[in-house]
Amino acid sequence: MKKIVIPLIIAAILIAGGCNEKSSKETTMDTEVLISQYVDYDPEDYYTDWEDEVFTKIILNDEASTFDGSGGVIINGQNIEIHTSGTYILEGSLSDGQIKINTEDTGNVRLILNGVEITSSTNAAINIEQSDKTIISLVKGKDNIITDATSYIYENEANKEVGAAVFSKDDLVINGTGMLTVNGQYKDGIVSRDDLIITGGTINVTAIDDGVVGRDVFAMSNATVNITADGDGVKSSNDEDADRGNIVLESGNLTVIAQGDGIQAENEIVVVDGEYSVKTGDGSPEVVSSSEPGMEMGVGDGTGKKPEMSAGMGMDFSSMTDEEIEAFVKNMERMNFPNDITSELEGMTTDEIREYLTTSLGSMMPPGGGGMDREIPEGGDLPPNRQLPEVGAEQQAPIEGEPNSVPVEKNTEEDDNANTSIVETTSQKGIKAGTKLNIVGGSITVDAVEDALHSNGDLTIRGGEETLSTGDDGIHADSNVSIAGGDITILKSLEGIEGTNIEVSDGSIHLKAADDGVNVNGGSNKNEMFGGIIQTETATETEEKEEVDSTIEDGQLTISGGYLYVDADGDGLDSNTNITMTGGTAIVYGPTEMMNGTLDYDGTFIIEGGTLIASGSTGMALGVSDGSTQNTIMMTFDETVEANTPVTLTNADGEQIITVAPEKKYQMILISSPDIELNANTTLSRGGTLTGEVVDGVYTNATTTDPTSSVTYSPTTVMTYLNSNGVTEEGSSTMGGGMRGNMQSGGGFGRGQEQKQQEKTEDDTNK
């Protein structure tokens, strides 16, 4: 959110101190090609009957284990060593023993677990030191239990990397239809230092640290895996090779309960099909709330963070503690805000500072709560060009020892040997990819403390069903988010969808956000609260303009198809740069507070197709930009309208264009539809009784009777502003205009503090 408005900046200072089955042959081929980029399955990776094979049978027994066959087996008490490739049948139990594989020839080792229980008190229960590939096959109807020691005794330094109940230095495959229970009491449950592939069986893993790790790749199909881990649930940890460190979830059922990340790959994650349930930590908070302060719509006291803001925008610091006052002043100094004020505070007592802040900062507020395009009263100084000072990197950096210091995230094996003096915190994201997260299908349910779906690079959703609950972002990518299919439900989040570029071309999205609904955060490397035009102490005006120009195109929100439903307490659709809509449907029930906007953009919002319905508060309301080709209206009501109060837009023949009963209270509603015609009488009515089919507050085949009010107008421009008296000039019907500052170069309220609304001539209108 980027608003150049004094109360929001002050409040920010306080905060700183304190699918499914493949439907066609084409899809199947595409999926197979996709999977083959990460993993190549061999015939032996799938379970086959073993009775007719040549095998060696090993009977495990605490007193005296025995074997029968030609395999290279050495029995040393309860420790069983396998030294040649081949097939081995294991039965029985060891109460304090180990199966070690260290082959001296080439070839695969296949372990048939036919009902075993193996516990070690000194090391891993199954330790694979050398084998081209080890295949663990689970026999139908048989239960197998593997448990390692709570502390390890190592034979030599080279073995210190062993740290899992089932550990392999080479490729490891698990298949079959039986059951395997793994208890990782020392650290991890199942680890392969190369590829880990699971193609069958029911596998239950509990681990003190990570549940299942395939360092180069973890691939799963046709299996049921249940993991409870105090670290990460599923992990691919190779961060040294750009082609490795991947996770491929092809099919099956995976349930993860983890104190760290649920599913985490250093490189890419691909979800093709299957069912996946992920919970991190204690899950998402019961109620997600934003720290973004704001003012409730209409008359009354503000409900933002301290210091409280009244409807008249006055500031009251009397309720702040001495510590909060001190933190506030420190952050004012760090943000260079404004210099004359911070110098005045020198030598004052805390009570004197409290009184000064209340009086001086309160006097800087525009009378009546208007935006910054109103005149600043005398004595309320801003820089001469009315632009706010920059928060430089050195100013933004947390002061050492202060509670807002950012801890270093820790969740990779390589971090284990990191400098212990660094403050560490556990990442608790649902599904996290280092470079790319690609969801083709499947059913995904995430309940996460942090981001539900996260990529440090790109994130793509092309199908499946995603149900997400989180205390942070529902869908987050540091680079691009592309949604081209799927049925996505974000039940709760701080921000619903966030990325540098966001494109919605297909699919169905329903999201609830305590802050911004859809947030494009590209296009600026400055602190959000200062918007698009920021001045440094040394930058010239030319350098400042070049910086803005160089970043404004870096991020975009594009809606070309699909269905997008947004319920946001912060900004509804928020772009640091531009928004373009050419198709699809977007329904945005935005904020009820004045300090946020249903639509928020720093560049332009060009609409050329689709259906857009957006309602919310008026304080930061924006329309669409002048370059749009599809007709749009924005209606501002004289007072706040209760939720579920219908608005009906009809054409000259009385035919319904749009009928909607917004699901949250509102004072502004914006409607854009290809059915709105220029130079034709159009009527917008409010209230009354509705009949018809309703989905997400939007009615089809609706009939409205006895509306309480109506406005009839004839639009002459693509963006028409209305109030109870009819067509009005943009920005004149709400307090929101100037709050956007002079960064708003296209359409909507707030063209700049110094600009005055020009009178429109007939030529201008036609143009």
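None of these values were measured; they are calculated from a predicted model.

1. Topic: the overall build of the protein
Part 1: When you go through the protein residue by residue, the secondary structure sums to eight helices and 58 strands.
Part 2: A buried classification covers 55% of the 767 residues belonging to the protein.

2. So, unusual backbone geometry
Part 1: If you check the backbone angles, Asn222 has positive phi at about 55° while not being a glycine.
Part 2: Looking at where Asn222 falls in the secondary structure, it is placed in the loop between strand E18 (217-220) and strand E19 (224-229).
Part 3: Within the chain, Asn679 stands out as a residue other than glycine whose phi angle is a positive 60°.
Part 4: Mapped onto the elements of the fold, Asn679 is located in the loop between strand E52 (666-672) and strand E53 (682-686).

3. Some remarks on the environment of Val271
Part 1: With respect to the helices and strands, Val271 occurs in strand E24 (residues 268-271).
Part 2: In this structure the C-alpha to C-alpha distance between Val271 and Val440, which are 169 residues apart in sequence, comes to 5.9 Å.

4. A closer look at the confidence of the model for the protein
Part 1: Overall, the prediction assigns the protein a mean pLDDT of 80, with 73% of residues at 70 or greater.
Part 2: The model gives residues 412-423 a pLDDT under 50, and that stretch makes 18 contacts with residues more than four places away or in other chains.
Part 3: This stretch, residues 732-767, has a pLDDT under 50; its non-local contacts, to residues over four places away or in other chains, come to 108 contacts.

5. A few points about the sheet that holds strand E54 (residues 689-695)
Part 1: The sheet built from six strands is open, its strands ordered E54-E55-E51-E50-E53-E56 with antiparallel pairing. Each edge of the open sheet is held by one strand with a lone partner, namely E54 and strand E56 (709-713). Neighbour-to-neighbour, the strand axes of the sheet open up by a mean angle of 25°, direction not taken into account.

6. Side note on the packing of aromatic side chains
Where two aromatic rings form a pair, the distance of their centres and the angle of their planes describe that pair.
Part 1: Inspection of the entire model under this criterion finds seven aromatic pairs.
Part 2: Taken together through their ring pairs, the aromatic side chains of Tyr152, Tyr154 and Tyr186 make up a single cluster.

7. Side note on a negative patch on the surface
Part 1: On the surface, Asp653, Glu655, Asp675 and Glu677 cluster together to form a negatively charged patch.
Part 2: Structurally, Glu677 is set in the loop between E52 and E53.

8. Some details on the pairing of strand E34 (residues 458-461)
Part 1: Side chains Leu459 and Ile461 of E34 all project onto a buried face; the interleaved residues Asp458 and Thr460 project onto a face where none is buried.
Part 2: Bridging between strand E31 (residues 436-439) and E34 involves four bridges; their strand directions are parallel. Bridge pairing in E34 links Lys436 to Asp458.
Part 3: Pairing geometry for E34 and strand E37 (residues 480-492), over three bridges, is parallel.

9. Concerning the nonpolar core
Part 1: Ranked by internal contacts, the top residues of the largest apolar core, which has 101 residues, are Ile146, Ile190, Leu254, Leu453, Ile475 and Leu573.
Part 2: When near neighbours in sequence (up to four residues on either side) are disregarded, Leu254 contacts Met220, Val225, Ile227, Val234, Leu249, Ile263, Glu275, Tyr276 and Ser277.
Part 3: Core analysis: the second largest hydrophobic core is formed by 22 residues, Ile587, Val647, Ile671 and Leu684 among them.

10. Overview of the pairing of E24
Part 1: Burial along E24 is two-sided: the residues Glu268 and Val270 and Ile269 and Val271 are all buried.
Part 2: As paired strands, strand E21 (residues 246-249) and E24 are joined by three bridges and run parallel to one another. By the bridge assignment, Leu249 is partnered in E24 with Val271.
Part 3: Bridging between E24 and E31 involves four bridges; their strand directions are parallel. From the neighbouring strand, Glu268 faces E31, where its bridge partner is Lys436.

11. Comments concerning the pattern of salt bridges
Part 1: Within this structure, the stated rule accounts for 23 salt bridges.
Part 2: The closest approach of N and O atoms between Lys100 and Glu155, which form a salt bridge, is 3.3 Å. Remark: Glu155 occurs in the loop between strand E10 (143-147) and strand E11 (164-168) and Lys100 occurs in strand E6 (residues 98-102); sequence separation between them is 55 residues.
Part 3: Residue classification places Glu155 among the exposed residues on the basis of a relative accessible area of 63%.
Part 4: Ionic pairing is found between Asp567 and Lys664, a salt bridge with its closest N-O pair at 3.0 Å.

12. Comments concerning the environment of Thr280
Part 1: Mapped onto the elements, Thr280 comes out in strand E25 (residues 275-280).
Part 2: Its relative accessible area of 0% is what places Thr280 among the buried residues.
Part 3: Along the primary structure Thr280 and Asp447 are separated by 167 residues, whereas in three dimensions their C-alpha atoms are 6.6 Å apart.
Part 4: The contact partners of Thr280, leaving out residues within four places of it in the chain, are Ala258, Gly260, Asp261, Gly262, Gln428, Lys429, Gly430, Asp447, Ala448 and Val449.

13. So, the environment of Thr728
Part 1: Looking at the element boundaries, Thr728 is found in strand E58 (residues 726-728).
Part 2: Distance from Thr728 to Thr636, taken between C-alpha atoms, is 9.9 Å for residues 92 residues apart in sequence.

14. Here we look at the side chain of Arg110
Part 1: Tracing the chain through its elements places Arg110 in strand E7 (residues 108-119).
Part 2: With a relative accessible area of 9%, Arg110 lands in the buried category.
Part 3: There is a polar contact of 3.0 Å between the side chain of Arg110 and the side chain of Ser137.
Part 4: Ignoring sequence-local partners within four residues, the contact set of Arg110 consists of Tyr47, Thr48, Asp49, Trp50, Glu53, Gly86, Thr87, Tyr88, Ile135 and Ser137.

15. Notes on the side chain of Gln78
Part 1: Note on placement: Gln78 falls in the loop between strand E3 (73-76) and strand E4 (79-82).
Part 2: Its relative accessible area of 18% is what places Gln78 among the buried residues.
Part 3: Engagement of the side chain of Gln78 in a polar contact is seen with the backbone nitrogen of Ser95, the distance being 3.3 Å.
Part 4: Residues within four places of Gln78 in sequence aside, it is in contact with Asp62, Leu94, Ser95, Asp96, Gly97 and Gln98.

Rules and cut-offs
- Residue positions within a chain follow its written sequence, with the count starting from 1.
- In keeping with the predicted nature of the model, local features appear solely for residues at pLDDT of at least 70, side-chain atom pairs appear and are counted solely at 80 or more, and the whole-chain, interface and lining totals rest on all residues.
- For the side-chain quantities, the full set of heavy atoms in the structure was used; hydrogens and water were omitted.
- Starting at the N terminus, helices and strands are each numbered in turn, a helix being any DSSP run of H or I of at least four residues and a strand any DSSP run of E of at least two.
- Here's how the labels work: a residue is buried when its accessible area is under 20% of the maximum for its type, exposed when over 50%, partly exposed in between, all with a 1.4 Å probe on protein chains only.
- As a per-residue measure, pLDDT tells how confident the predictor is, with possible values from 0 to 100.
- Here a residue-residue contact requires only that any non-hydrogen atoms of the pair lie within 4.5 Å.
- Here a strand pair is declared whenever DSSP counts at least two bridges between the two strands.
- Here an axis means a line fitted to C-alpha atoms, over the contact stretch when the element is a helix, while the angle between two N-to-C directions is reported on a 0 to 180 degree scale.
- Think of it this way: a Phe, Tyr or Trp ring, Trp meaning its six-membered ring, pairs with another when their centres are within 6.5 Å, and the plane angle makes it stacked under 30 degrees, edge-to-face over 60, tilted otherwise.
- Candidate patch residues must exceed 30% relative accessible area and have no salt bridge, after which like charges are joined if within 9 Å and Val, Leu, Ile, Met, Phe, Trp or Tyr side chains if within 5 Å.
- Per-residue accessibility takes into account occlusion by the displayed protein chains alone, with areas from the Shrake-Rupley method and a 1.4 Å probe.
- Basic side-chain nitrogens of Lys or Arg form a salt bridge, by our definition, when they fall within 4 Å of a carboxyl oxygen of Asp or Glu.
- Counted charges follow a simple rule, with Lys and Arg positive, Asp and Glu negative, and His plus the chain ends left uncounted.
- Lysine's charge is taken at NZ, arginine's at CZ, aspartate's at CG and glutamate's at CD.
- By convention a nonpolar core is built from buried Ala, Val, Leu, Ile, Met, Phe, Trp, Tyr and Cys residues, the set being connected through side-chain atoms within 4.5 Å.
- What qualifies as a polar contact is a pair of N or O atoms within 3.5 Å, subject to a donor-acceptor requirement within protein and to the restriction that residues adjacent in sequence count only when both atoms come from side chains.

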